[in-house]
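Listed below are the residues making up each chain.
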Amino acid sequence: MGETEESKQDRIAQRVRDWDANAIAEVIEYRGESTLVVPKSHLRRVCEFLRDSPALRFNFLSDVSGLDRFPVEPRFQLNYHLLSIPHRATLRLRLRAHGADPVVPSVTPIWPTANWHEREIFDLFGVRFEGHPNLERLLMPQDWEGYPLRKDYPVQGYR
Amino acid sequence: MASTTINTLTGPGKTMVLNMGPQHPSTHGVLRVVLELDGETVVKAVPEIGYLHTGIEKSCEALTYSQAVTLTDRIDYLAPLSNNLAYCLAVEKLLGIEAPKRAQYIRVLLTELTRIASHLVWIGTHAIDLGAMSVFLYCFREREDVLKIFEMVSGQRMMTSYFRIGGLALEPPPGYLDRIKRFVDLMPSRLDEYEDLLTRNRIWLSRTKGVGVITAEDAISLGVTGPTLRSTGVDYDVRKYFPYSRYDEFDFNVPISTDGDCYSRYVLRVAEVRESLKIVRQAMAKIPAEGPIKADAPGIIAPQREKMKIEMEALIYHFKIYTEGFSPPPGEVYHRIESPRGELGVFVASDGSPKPYRVKFRTPSFVNLQALPKMIEGRLIADVVTCIGTTDIVLGEVDR
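Residues numbered from 1 in each chain as written. Chains lettered and ligands numbered in written order. Predicted model: local features only at pLDDT ≥ 70, side-chain atom pairs only at ≥ 80, totals over all residues.

A. Representation of the overall build of chain B in the model. In terms of regular secondary structure, chain B is built from 18 helices and eight strands. Relative to the 2.2 N^0.38 estimate, which gives 21 Å for 400 residues, the radius of gyration of chain B is 22 Å and therefore close to what a compact globule would have. Of all 400 residues assigned to chain B, the portion counted as buried reaches 51%. Sequence-distant contacts, at least 24 apart, represent 69% of the contacts inside chain B between residues at least 6 apart. (Helix = DSSP H or I, 4+ residues; strand = E, 2+ residues; numbered from the N terminus. Rg over C-alpha atoms; globule rule 2.2 N^0.38 Å. Buried ≥ 20, exposed ≤ 12 C-beta atoms within 10 Å, placed from the backbone. Contact = placed C-beta atoms within 7 Å.)

Structure (structure tokens):
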């Protein structure tokens, strides 16, 4: 194997820091997975760097998932699970968003696979993505009221 | 469910819009595809999903970690054990525990049988989509054998919930390996039979060769995984890239092709069934006859029944686990496995309470379906059914 997963991930964080010292707000290590917390203003640039830098080549976006910390602020958390097929490496990016009606940059122009993931998050959490080509509800009916995966939405729905 | 209507798609008079589904036999469930046609050529295709959305992720938040296992079966109902495995491994990662060796080998054995059963359904239904009725009947005959093995081991044909956090639900019954051995010995000749019917069949070739072509670049940017990605020459298989559950101890190949068409995906899936049979044989040899099937983790895994009768502590743990569950430390993990359809990822977030704070299933069908327009735009309407079939979607998994 040679290099452990942890040291691989440390090296990734270091590379991003060398490129732009302000690009990472925080690095979280948990159970051998590292999470880079990225400020909203830097998200697009960091994603482009991670995808295009020859030493990193995170060419594959596995998943984007939302999380609601209601009533704690910053309320919303978006997790981007990246994969580098050429380097067999994984990484998680995290974005935090404040308020009940947050707007965050879309990564669909960088990884087209994010299209449906972001629509799903818009549909279920009500997070809007700036620069998304077609931000519509994906799973729920168009005229649905509320965002079901928010923590202030009852499990049984409104009756 | 988006609002694509007949009116929003139509161009300046030349094209016509055709609505396919959601109740259409070849959509394998309730998928709706809105097609814009110019004569017989598809100009634009828009898949619409959400007709089977049941809110599984929200429901998981209201159950304890152990109870949520039963919901994972219902996501991809053709490969329930793969879902069980992904969820259990994610929670085990969150807890920092590992299932015992024997349980891990049995997990590998049964998930590979799941892959065989799922691919058999695919071969059968894809064949029936393209007009070959008998292959469907043969495939379902063999699939039934696998389901009977599941029934023997877990008591259920389909919604097994057999993998539990930290191990297995119960000790497999005596003689289960003989039963599996009979199936494994029979299967290669049965696969040859399907191949006799399809692989060099002229109709099959003309319906699938060069149809639904996708390039490696497009597949990666659209997040496609599984046999569809491997048909473009990319060898990404989670079992090889990030081995879990002791897959690194097994000797198997990942079949790849560079054609990227429907025919190559058929060839790959048949080859994958053969590779899975290899893994099943190795797993049968590796499984120790004796040994625990549950991890030794007091307070998380229910103690043995015998211990409960003589040890005070075991009784307390038993009571606590079945009344309130267990509480993993706060944190988030993501675990990926190779399901029959591609990368199945489970993201679990804990807030330190006995219920998962958030569970997200990154299901391969959901992501792979995004590649459908790339495959069919510019092709004939007759190829639409082939392309829907070839992506091997399960709508339960797409909509969750």
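Alright, that's what it looks like, and here's the rest.
B. Structural detail: the overall build of chain A. When helices and strands are counted, chain A shows three helices and seven strands. Reading chain A from its N end, one meets helices and strands in the order α-β-β-α-β-β-β-β-α-β. Oriented by its inertia axes, the alpha-carbon framework of chain A measures out at about 55 × 30 × 30 Å. Expressed as a percentage of the 159 residues in chain A, the buried residues total 40%.

C. Examining the interface of chain B and chain A more closely. Every contact between the two is made by 37 residues of chain B and, on the other side, 30 residues of chain A. Mapped by element, the contributors of at least two residues to the side of chain B that touches chain A are α2 (56–61), α4 (80–95), α9 (216–221), β6 (331–339), β7 (342–350), β8 (358–362) and α15 (364–368) of chain B. In terms of residue count, β6 of chain B provides more of the side of chain B that touches chain A than any other element does, five residues in total.

D. Up close: the sheet that holds strand β1 (residues 16–20) of chain B. All names here are of chain B. Pairing is antiparallel in the open sheet, where three strands are placed in the order β1-β2-β3. The strands lining the two open edges of the sheet, one partner per strand, are β1 and β3 (41–48). Ignoring strand direction, the axes of neighbouring strands in this sheet form an average angle of 20 degrees. Of the strand pairs in this sheet, β1 and strand β2 (residues 32–38) are connected by five bridges, and their pairing is antiparallel. Pairing of Val17 across the sheet is with Glu36, part of β2. (Pairing = 2+ DSSP bridges. Axes fitted to C-alpha atoms, helices over the stretch in contact; angles between N-to-C directions.)

E. Quick look at helix α14 (residues 312–323) of chain B. In this model α14 of chain B runs 17 Å from its N-terminal to its C-terminal C-alpha over 12 residues, within 8% of the 16 Å that 1.5 Å per residue would give. A positive backbone phi angle near 85 degrees is found at Gly325 of chain B, which sits one or two residues after α14 of chain B. (Expected span 1.5 Å × (residues − 1).)

F. Fine view of the domain arrangement of chain B. Residues and elements named next belong to chain B. Parsing chain B into structural domains produces domain 1 (6–48) and domain 2 (56–399). Taken together, the contacts link 15 residues of domain 1 with 18 residues of domain 2. The leading source of residues in the side of domain 1 that touches domain 2 is β3, at six residues. The class makeup of the residues in the side of domain 1 that touches domain 2 is eight nonpolar, five polar and two charged. (Domains from an automatic or database assignment. Nonpolar A, V, L, I, M, F, W, Y, C, P; charged D, E, K, R; others polar.)

G. View of helix α2 (residues 43–52) of chain A. Buried residues of α2 of chain A: Leu43, Val46, Cys47 and Leu50 of chain A, and no others. Buried residues along α2 of chain A cover an arc of 100 degrees about the axis, so they all sit on one side. (Arc of directions from axis to C-beta.)

H. Seen up close, the nonpolar core. All names here are of chain B. Core analysis: the largest hydrophobic core is formed by 144 residues, its most contacted members being Ala90, Val91 and Val348. Counting contributing residues, this core receives three or more from each of domain 1 (6–48) and domain 2 (56–399). Residue contacts for Ala90: discarding those within four places in its chain leaves Val333, His335, Val346 and Val348. (Core = buried A, V, L, I, M, F, W, Y, C linked by C-beta atoms within 7 Å.)

I. Representation of the packing of helix α5 (residues 101–129) of chain B against helix α17 (residues 382–390) of chain B within the structure. Residues and elements named next belong to chain B. Where α5 meets α17, the closest approach of the two axes is 10 Å, and the angle between their N-to-C directions is 175 degrees. Considered as vectors, α5 and α17 are oriented roughly antiparallel to each other. Contacts between α5 and α17 involve Thr125, His126 and Asp129 on the former and, on the latter, Val385, Gly389 and Thr390. (Parallel < 35°, antiparallel > 145°, perpendicular 65-115°, else oblique.)

J. The arrangement of the pairing of β7 of chain B in detail. All names here are of chain B. Here β7 lies mainly inside the structure; nine of its nine residues are buried. Here β7 pairs with β8 via five bridges, running antiparallel. Across the sheet, Phe347 pairs through a bridge with Lys360, a residue of β8.

K. Layout of the environment of Ile106 of chain B. All names here are of chain B. Its place among the elements puts Ile106 in helix α5. The exposure class assigned to Ile106 is buried, which follows from the 26 C-beta atoms found within 10 Å. Separated by 180 residues in the primary sequence, Ile106 and Lys286 have C-alpha atoms spaced 9.2 Å apart. Residues in contact with Ile106, not counting those within four places in the same chain, are Leu168, Pro172 and Ile287.

L. Geometry of the packing of helix α6 (residues 133–154) of chain B against helix α7 (residues 176–198) of chain B. Residue and element names in this part refer to chain B. Here α6 crosses α7 at 165 degrees, and the two axes come no closer than 11 Å. Classified by the interaxial angle, the pair formed by α6 and α7 is roughly antiparallel. Every pair of crossing elements has a handedness; the one defined by α6 and α7 is left-handed. Judged by residue contacts, Ser134, Val135, Tyr138, Cys139, Glu142, Asp145, Val146, Ile149, Met152 and Val153 of α6 engage Tyr176, Arg179, Ile180, Phe183, Met187, Arg190, Glu193, Tyr194, Leu197 and Leu198 from α7. A per-class count over the contact of α6 with α7 returns 14 nonpolar, one polar and five charged. (Left-handed = near helix turned anticlockwise from the far one by under 90°.)

M. Region of the structure containing the sheet that holds strand β5 (residues 89–97) of chain A. Residue and element names in this part refer to chain A. Spatial strand order, β1-β2-β5-β4-β3: five strands in an open sheet with mixed pairing. Of all the strands in the sheet, the pair left with one neighbour each is β1 (26–30) and β3 (60–68). Averaged over all pairs of adjacent strands, the angle between strand axes in this sheet comes to 25 degrees, irrespective of strand direction. Here eight bridges tie β3 to strand β4 (residues 76–84), and the two strands are oriented antiparallel to one another.

N. A look at the environment of Leu177 of chain B. Relative to the elements of secondary structure, Leu177 of chain B occurs in helix α7. On a C-alpha basis, the gap between Leu177 of chain B and Ile287 of chain B in space is 9.7 Å, while along the polypeptide they are 110 residues apart.

O. Quick look at unusual backbone geometry. Across the junction of Phe70 of chain A and Pro71 of chain A, the peptide omega takes the value 0 degrees, indicating a cis bond. With respect to the element layout, Pro71 of chain A can be found in the loop between β3 and β4. Across the junction of Glu73 of chain A and Pro74 of chain A, the peptide omega takes the value -5 degrees, indicating a cis bond. Note that Pro74 of chain A resides in the loop between β3 and β4. Located in the positive-phi region is Ser161 of chain B, a residue other than glycine, with phi close to 45 degrees. Backbone geometry places Arg400 of chain B, a non-glycine residue, at a positive phi of 50 degrees. With respect to the helices and strands, Arg400 of chain B occurs in the segment after α18 (395–399).

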